Amino acid sequence: MIPFLDLHQVNLRFEGEFKANYEEFLKSGRYILGEHLQLFEKEFADYCGTLECIGVGNGLDALRLILEAYKEMGRLGAGDEVLVSSNTFIATILAIKQAGLKPLLVETDPNTYNFKIDDLAQVATQKTKAIMPVHLYGQLSPMEDINSFADKNGLLVIEDAAQAHGAKDVHGKFAGNLGDAAAFSFYPSKNLGALGDGGAVTTNDTKLAEIVRKLRNYGASSKYINELPGFNSRLDELQAVFLRTKLPYLDADNKRRMQIAARYLSEINNEKISLPMYSGATDHVFHLFVIRVKDRLEFMEYLKDHGVGSLIHYPIPPHKQPALKELNQLSFPLCEQIHEEVVSIPMSPVMMDNEVSQVISILNDY
Ligand SMILES: *Cc1c(COP(=O)(O)O)cnc(C)c1O
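All values reported here derive from a predicted model rather than from experimental measurement.

1. With respect to the overall build of the protein
Then step 1. Secondary structure assignment for the protein yields 13 helices and 11 strands.
Then step 2. Computed over its C-alpha atoms, the radius of gyration of the protein comes to 20 Å, within 12% of the 21 Å expected for a compact globule of 366 residues.
Then step 3. In terms of its C-alpha atoms, the protein occupies a principal-axis envelope of roughly 65 × 55 × 40 Å.
Then step 4. Here the protein holds 366 residues, and 54% of them are scored as buried.
Then step 5. Pairs at least 24 apart in sequence give 70% of the contacts found in the protein among residues at least 6 apart.
Then step 6. Approximately 15800 Å² of the protein is accessible, and the part contributed by carbon and sulfur atoms is 52%.
Then step 7. Looking at charge distribution, the protein has the averaged site of its 36 positive side-chain charges lying 4 Å from that of its 48 negative ones.

The following block contains the structure:
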């Protein structure tokens, strides 16, 4: 059996370090907003190349707190619109909605699975104030085009980098440092995953960072002085301990993901299977390896019978989810077609070469 993703194996590599660091954490007596969180924030900001990093409770809150902070700064107001891809995880859209803003969905480009860049200008209105590119499946959005569109139209650029820790553009600039602010998730299955929930905001805007830092902790500037009506969304000290342990290995893990992807791309050869577009550059860290097939149910049954795990990212587009009724009447035919065909095949830094070979031959025999 080749699992879709074996998180125990992923984390077993760090067992010794985790245990030693946990002992020290336990003795410290400081379990929230302690030294490890501060150090992780510094280390992750350095990694991304940003001035600031603020650890928060999860990826959804990271997105939301950026929007809430811009509201505090007067850069966004109730009812303002945010451009976002129709093909994303529901969290991106929920964050916009929870912050009292309006998501403006954009049709999907079937080659990149990102939004159709040419559609942005048609969809935007006078009330559009921000754009939220999602580096879906680990592949950077076309940030040069997005930033120049945003510059022309005075939009804030907020990256949803929850799937793209460590992806970098042609200039060597990292995800998290390609817009005005960025949100990360450290959900266990992400490229940099905690052993529980976690998230972070990165930015070069020190004012924004100061407000997010307050908002995550009841709006407090110092203990029991509450300047803003804030939230409780702090990155756990214990998760910071685990993340600090794993961060030094992120680049090696991403490199392994890219090696596996390169093999899938060159060795999977089956006309029933469409492979993702990939330039071979560092702008894709393969959080997921997503293929497309016409007869998905049958195909996934076949994989299961042959001992290969697979998942769908995602089976229902956000605008067709019962939770987003107000968007249900929208129609994005390309996005909807993609949702019927995508399948994610095994991808993780702990996959062995022989497992990769097995997946390839099982796919080629389909
Ligand atoms: C995982 C993810 C999120 C949300 O992260 P959580 O930590 O689960 O809240 C947001 N956006 C995208 C694209 C994600 O993949």
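2. A few points about the UniProt feature "modified residue: N6-(pyridoxal phosphate)lysine" (unreviewed entry) in the protein
Then step 1. Under the UniProt annotation, "modified residue: N6-(pyridoxal phosphate)lysine" (unreviewed entry) lies at Lys190.
Then step 2. Turning to its location among the elements, Lys190 is positioned in the loop between strand S6 (181-185) and strand S7 (199-203).

3. Some points on the site of the ligand
Then step 1. Close to the ligand lie Asn58, Gly59, Leu60, Phe89, Ala91, Val134, Asp160, Ala162, Gln163, Ser185, Lys190 and Gly198.
Then step 2. A distance of 2.9 Å is found between an oxygen atom of the ligand and a backbone nitrogen or oxygen belonging to Leu60.
Then step 3. Contact with the protein chains covers 91% of the free accessible surface of the ligand, which is 380 Å².

4. What about helix H10 (residues 250-267)?
Then step 1. The terminal C-alpha atoms of H10, which comprises 18 residues, lie 26 Å apart, in line with the 26 Å expected from a rise of 1.5 Å per residue.
Then step 2. Residues of H10 that are buried sit in contact with helix H3 (35-48), helix H9 (237-246), strand S10 (289-292), strand S11 (342-345) and helix H13 (353-364).

5. Comments concerning the packing of aromatic side chains
Then step 1. According to the stated counting rule, one finds 18 aromatic pairs in the structure shown.
Then step 2. Consider the rings of Tyr278 and Phe286, whose centres lie 4.8 Å apart with planes at 90°: the pair is edge-to-face.
Then step 3. Aromatic side chains Tyr302 and Tyr366 sit 4.9 Å apart centroid to centroid with 50° between the ring planes, which places their arrangement in the tilted category. Of this pair, Tyr302 sits in helix H11 (residues 296-305) while Tyr366 sits in the segment after H13, placing them 64 residues apart in sequence.

6. Overview of the packing of helix H4 (residues 59-72) against helix H5 (residues 90-98)
Between two packed helices, both the angle of their axes relative to each other and the distance between the axes serve to describe the pair.
Then step 1. Between H4 and H5, the least distance of the axes is 9 Å, while the angle of their chain directions is 35°. Crossing handedness for the pair H4 and H5: right-handed. Of the residues in H5, those touching H4 at Leu60, Leu63, Arg64, Leu67 and Glu68 are Ala91, Thr92, Leu94, Ala95, Ile96 and Gln98.
Then step 2. When grouped by side-chain class, the residues that make up the contact of H4 with H5 number seven nonpolar, two polar and two charged.

7. Comments concerning the pattern of salt bridges
Then step 1. Counted under the stated rule, the structure contains 17 salt bridges.
Then step 2. Note that Glu68 is salt-bridged to Lys71, the shortest N-O span being 3.3 Å. You can see Glu68 and its partner Lys71 sitting in helix H4, three residues apart, about one turn around the helix.
Then step 3. The class of Glu68 is buried, set by a relative accessible area of 10%.
Then step 4. With its nearest N and O atoms 2.9 Å apart, the salt bridge here joins Glu267 to Arg263. Placement of both Glu267 and Arg263 in helix H10 is noted, with a separation of four residues, approximately one turn of the helix.

Analysis parameters
- Residues numbered from 1 in each chain as written.
- Predicted model: local features only at pLDDT ≥ 70, side-chain atom pairs only at ≥ 80, totals over all residues.
- Heavy atoms only, no water.
- Helix = DSSP H or I, 4+ residues; strand = E, 2+ residues; numbered from the N terminus.
- Rg over C-alpha atoms; globule rule 2.2 N^0.38 Å.
- Buried < 20%, exposed > 50% of the residue type's maximum accessible area, 1.4 Å probe, protein only.
- Contact = heavy atoms within 4.5 Å.
- Areas by Shrake-Rupley, 256 points an atom, 1.4 Å probe, with all protein chains shown as cover.
- Lys, Arg positive; Asp, Glu negative; His and termini not counted.
- Charge placed at Lys NZ, Arg CZ, Asp CG, Glu CD.
- UniProt positions renumbered as here; feature names shortened; annotations may be inferred.
- Near = heavy atom within 4 Å.
- Polar contact = N/O pair within 3.5 Å; in protein donor to acceptor, adjacent residues only side chain to side chain.
- Expected span 1.5 Å × (residues − 1).
- Phe/Tyr/Trp six-rings, centres within 6.5 Å; stacked < 30°, edge-to-face > 60°.
- Axes fitted to C-alpha atoms, helices over the stretch in contact; angles between N-to-C directions.
- Left-handed = near helix turned anticlockwise from the far one by under 90°.
- Nonpolar A, V, L, I, M, F, W, Y, C, P; charged D, E, K, R; others polar.
- Salt bridge = Lys/Arg side-chain N within 4 Å of Asp/Glu carboxyl O.

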